[in-house]
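Chain by chain, the residues run as shown.
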Amino acid sequence: MTYEAVVFDNDGVLVELTDMDVLRRAAREAFAAHGIEDPPDELVDHAANGDLDGLATVEETLDLSLGDYWASREEHATRLQRAAIRDGAKSLYDDVAAIGDLPGRKAVVSNNQHATVEFIVDHYELTDHFDHVAGREPHLDGAHRRKPEPHYIERALDALDTRDALYVGDSPKDVTAAHRAGIDSAFVERPHREGIALDREPTHRVADLRDLAERLG
């Protein structure tokens, strides 16, 4: 089976997942930027996990605009993830080289911040592989458009000028987002996803990106 385009998730597919301690630090530094030096641990966890519903209580409990806080959280998360990447704490998977064997145009669509994803692609010298790179916009609307919403995948498909495409991810949200966008999905069975339950069966299950390239090459 071949496709005109293959669109990749970023974290957990191209690069390792971000350590949660990095995201908790970003959450705390964002609170500190708004004068809150000792935020409730629950809100820090909501912010680190990107849980907007849980984080909404900052409006009442801390008298802080959720929109203002989220923008700060995104800024700090991008800065700290870039530092982690430079320090080797968020490495590229060895099998990413296999994407060069895949036919068709390629793109990246991630729930991570756009600035973070752009940095990753540039840092690991992957720019020549991709015709379109997109992460979420660093504001509440961008957060609400995250997968499993198909918004950013659909924008990528428009940029690639095709609907004959495959979305490659490592989470249930990725499979659902691909289905909502009306395209096939490939679930990469990375070790960190062992035993995870999927809400929907993907079109393909692959062990890694080499396996994917062999199937589609």
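Here we summarise the structure given alongside this text. Fair warning: this is a prediction, and the values are worked out from it, not measured in the lab.

### Some words on the overall build of the chain
Along its length, the chain carries ten helices and six strands. Computed over C-alpha atoms, the radius of gyration of the chain comes to 18 Å, within 12% of the 17 Å expected from 2.2 N^0.38 for 217 residues, which places it in the range of a compact globule. Principal-axis analysis of the C-alpha atoms gives the chain an extent of 55 × 35 × 35 Å. Expressed as a percentage of its 217 residues, the buried residues of the chain come to 52%. Contacts in the chain between residues at least 24 apart in sequence constitute 66% of all its contacts with a sequence separation of at least 6. Summed over all atoms, the accessible surface of the chain reaches about 10100 Å², with 42% contributed by carbon and sulfur. When the 24 basic and 46 acidic side-chain charges of the chain are each reduced to a single mean position, those positions are 1 Å apart.

### Thoughts on the environment of Arg73
One can find Arg73 in helix H5 (residues 66–86). Separated by 89 residues in the primary sequence, Arg73 and Thr162 have C-alpha atoms spaced 34 Å apart.

### A word on the nonpolar core
With 29 residues, the main nonpolar core has Phe8, Leu14, Phe130, Leu166, Val168, Leu209 and Leu212 as its most contacted residues. Contributions of two or more residues to this core are made by strand E1 (5–8), helix H6 (114–123), strand E4 (165–169), strand E5 (184–188) and helix H10 (209–216). Those residues in contact with Leu209 that sit more than four places away from it in its chain are Phe8, Val13, Leu14, Asp95, Val96, Ala98, Ile99, Val168, Val188 and Arg190.

### So, the layout of surface pockets
By volume, the largest pocket amounts to about 840 Å³. Lining the largest pocket are 31 residues, with Asn49, Asn111, Arg136, Arg146 and Lys173 positioned closest to its centre. In terms of residues, the lining of the largest pocket owes the most to one element, strand E2 (residues 105–113), which gives four residues. By residue class, the composition of the lining of the largest pocket is eight nonpolar, ten polar and 13 charged.

### Examining the sheet that holds E1
The six strands lie next to each other as E3-E2-E1-E4-E5-E6, forming an open sheet whose pairing is parallel. The open sheet has two edge strands, strand E3 (132–136) and strand E6 (204–206), and neither has a second partner. Direction aside, neighbouring strands of the sheet carry axes that sit 20° apart on average. The sheet contacts of H5 involve E2 and E3, and relative to E2 the element is tilted by about 120°. Docked against the sheet, helix H8 (residues 151–160) engages E1, E2, E3 and E4, running at close to 155° with respect to E2.

### Quick word on the pattern of salt bridges
The final tally for this structure, using the stated rule, is 20 salt bridges. The residue Arg163 makes a salt bridge to Asp158 at a minimum N-O spacing of 2.9 Å. Given a relative accessible area of 44%, Arg163 falls into the partly exposed group. Given a relative accessible area of 52%, Asp158 falls into the exposed group. Linked through salt bridges whose partners overlap, the residues forming this network are Asp9, Lys147 and Asp174.

### What about the packing of helix H1 (residues 20–33) against H5?
Look at H1 against H5: their axes get within 8 Å of each other, and the N-to-C directions meet at 135°. By the criterion of interaxial angle, the relationship of H1 to H5 is oblique. For the pair H1 and H5, the crossing hand works out as right-handed. Counted together, Val22, Leu23, Arg25, Ala26, Ala27, Glu29, Ala30, Phe31 and Ala33 of H1 and Tyr69, Ser72, Arg73, His76, Ala77, Arg79, Leu80 and Gln81 of H5 form the full contact between these two elements. The residue inventory of the contact of H1 with H5, partitioned by class, reads ten nonpolar, three polar and four charged.

### Concerning helix H2 (residues 41–49)
Of all the residues in H2, the buried ones are Leu43, Val44, His46, Ala47 and Ala48. The first or second residue beyond H2 is Gly50, which carries a positive phi of 70°.

### Some details on the side chain of Gln113
Relative to the assigned elements, Gln113 resides in strand E2. Classification of Gln113 by relative accessible area gives buried; the value is 1%. In this structure the side chain of Gln113 is engaged in a polar contact, spanning 3.0 Å, whose partner is the side chain of Gln81.

Parameters at a glance
- Residues numbered from 1 in each chain as written.
- Predicted model: local features only at pLDDT ≥ 70, side-chain atom pairs only at ≥ 80, totals over all residues.
- Heavy atoms only, no water.
- Helix = DSSP H or I, 4+ residues; strand = E, 2+ residues; numbered from the N terminus.
- Rg over C-alpha atoms; globule rule 2.2 N^0.38 Å.
- Buried < 20%, exposed > 50% of the residue type's maximum accessible area, 1.4 Å probe, protein only.
- Contact = heavy atoms within 4.5 Å.
- Areas by Shrake-Rupley, 256 points an atom, 1.4 Å probe, with all protein chains shown as cover.
- Lys, Arg positive; Asp, Glu negative; His and termini not counted.
- Charge placed at Lys NZ, Arg CZ, Asp CG, Glu CD.
- Core = buried A, V, L, I, M, F, W, Y, C linked by side-chain atoms within 4.5 Å.
- 1 Å grid on protein atoms, 1.4 Å probe; cavity = no way out; pocket = protein on both sides within 12 Å on 5 of 7 lines; lining within 4 Å.
- Points joined across faces, edges and corners; volume = space filled by probe spheres on them.
- Nonpolar A, V, L, I, M, F, W, Y, C, P; charged D, E, K, R; others polar.
- Pairing = 2+ DSSP bridges.
- Axes fitted to C-alpha atoms, helices over the stretch in contact; angles between N-to-C directions.
- Salt bridge = Lys/Arg side-chain N within 4 Å of Asp/Glu carboxyl O.
- Parallel < 35°, antiparallel > 145°, perpendicular 65-115°, else oblique.
- Left-handed = near helix turned anticlockwise from the far one by under 90°.
- Polar contact = N/O pair within 3.5 Å; in protein donor to acceptor, adjacent residues only side chain to side chain.

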